[in-house]
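# Overview (structure and organization)
This is what each chain is made of:
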Amino acid sequence: MNHILVAITGASGSIYGLRLVEELLRGERRVTLLVTRAGMEVLRYETGLEWRGTTSERQALMRDYFGGSERLLHYDEGDLFAPVASGSSAPDAMVVAPCSMGSAARMAAGISDNLVERVADVVLKERRDLILVPRETPFNQMHLENLLRLARAGAHILPAMPAFYHRPQSLGDLIDFVVGKILDSLRIEHQLFERWGEG
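What comes next concerns the included structure. Everything quoted here is computed from the prediction, not taken from an experiment.

Bringing the pattern of salt bridges into the picture now. Inspection of the entire model under this criterion finds 12 salt bridges. Between Arg44 and Glu41 there is a salt bridge, and its shortest N-O distance comes to 2.8 Å. Of the two residues, Arg44 and Glu41 both sit in helix H2 (residues 37-47), three residues apart, roughly one turn of that helix. In this structure Arg44 comes out as partly exposed when scored by relative accessible area, which is 31%. Owing to a relative accessible area of 37%, Glu41 belongs among the partly exposed residues under this scheme. In this structure, Arg195 and Asp184 form a salt bridge, with 2.8 Å as the shortest nitrogen-oxygen distance. Linking Arg195 in the segment after helix H7 (171-185) with Asp184 in helix H7, this pair joins segments that are 11 residues apart in sequence.

Right, here's the structure in full:
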């Protein structure tokens, strides 16, 4: 997989998306990063990052954060004319980390009010990998039904549920476990956690 789209929506857990982008760029993948308006607010609250300004200014700030990589692209969530909105230019895979329950509900209903939802629709129709990382607890019945509907449509549902069998020593170890599971689902090799039976 050469082109992965990562979306950060307005649920807690924006660090998962950031850490995933970091690993993908380290592996020399091309990454498109989309952040919804609510995602930007959560990102600012949780990390202190201020990615404001025009689309090109935000892209410059993002590239600077990730070490200046020119393999990182960014589009505004309202830009439904972005190349990734078309099946002919769809990414190889899309990961929504974190995925808010509102975003999941709109995706499950086939609503494409913003670029994140449109690309999810495109990725599903093109039968490419769509990985959703919900960060919500507890789930209510509507959450579960929406996630099931998405799973039946072909999405991978990968909740942000870190394990403890690898004996994590830090918050970073817990984050890396979830990001490693995302990379596993993308069939991308990594060394982010010790697998069961390897120790």
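From this point, things continue past the structure.
All right, on to helix H4 (residues 101-108) then. Every buried residue belonging to H4 is among Met101, Ser103, Ala104, Met107 and Ala108, and all of these are buried. An end-on view of H4 places all buried positions within 155° of arc, on one side of the element. On its buried face, H4 is in contact with strand S4 (93-99), helix H5 (115-125), strand S5 (129-134) and helix H6 (141-153). Where H4 terminates, the next one or two residues include Gly110, which has phi positive at roughly 75°.

This paragraph deals with the nonpolar core. Counting 34 residues, the largest nonpolar core has Leu24, Leu33, Trp51, Val95, Ile182 and Leu186 as its most contacted members. Discounting residues that sit within four places of it in the chain, Leu186 has contacts with Met1, Ile4, Leu24, Ala93, Val95 and Ile131. Counting 25 residues, the second largest nonpolar core, distinct from the first, contains Val84, Ala104, Leu115 and Leu124.

Under the counting rule described, the total for this entry stands at five aromatic pairs. Seen from their ring centres, Tyr165 and Phe177 are 5.9 Å apart, and the 85° between their planes marks the pair as edge-to-face. Pair noted here: Tyr165 is in the loop between strand S6 (156-157) and H7 and Phe177 is in helix H7, with a separation of 12 residues, a long-range link. An angle of 45° between the planes, with centres 4.7 Å apart, marks the rings of Phe177 and Phe193 as tilted. In this pair, Phe177 is assigned in helix H7 and Phe193 in the segment after H7, connecting sequence segments 16 residues apart. What makes Phe177 buried here is its relative accessible area of 4%. Taken together, Trp51, Tyr65 and Phe66 form an aromatic cluster joined through their ring pairs.

Turning our attention to unusual backbone geometry. Residue Ala97 is joined to Pro98 through a cis peptide bond whose omega torsion reads 0°. Here Pro98 shows up in strand S4. The omega angle of the peptide bond from Thr137 to Pro138 is -10°, so this bond is cis rather than trans. Despite not being glycine, Glu28 has its phi angle at roughly 65°, a positive value. Tracing the backbone shows Glu28 in the loop between helix H1 (14-26) and strand S2 (30-35).

As a packed pair, H4 and H6 sit with axes 9 Å apart at the nearest point and diverge in direction by 50°. In terms of orientation, H4 lies oblique with respect to H6. When you trace H4 past H6, the crossing you get is left-handed. In this structure, H4 uses Met101, Ala104, Ala105, Met107 and Ala108 to contact H6, whose residues at the interface are His143, Asn146, Leu147, Arg149 and Leu150.

Calculation rules
- Residues numbered from 1 in each chain as written.
- Predicted model: local features only at pLDDT ≥ 70, side-chain atom pairs only at ≥ 80, totals over all residues.
- Heavy atoms only, no water.
- Salt bridge = Lys/Arg side-chain N within 4 Å of Asp/Glu carboxyl O.
- Helix = DSSP H or I, 4+ residues; strand = E, 2+ residues; numbered from the N terminus.
- Buried < 20%, exposed > 50% of the residue type's maximum accessible area, 1.4 Å probe, protein only.
- Arc of directions from axis to C-beta.
- Contact = heavy atoms within 4.5 Å.
- Core = buried A, V, L, I, M, F, W, Y, C linked by side-chain atoms within 4.5 Å.
- Phe/Tyr/Trp six-rings, centres within 6.5 Å; stacked < 30°, edge-to-face > 60°.
- Axes fitted to C-alpha atoms, helices over the stretch in contact; angles between N-to-C directions.
- Parallel < 35°, antiparallel > 145°, perpendicular 65-115°, else oblique.
- Left-handed = near helix turned anticlockwise from the far one by under 90°.

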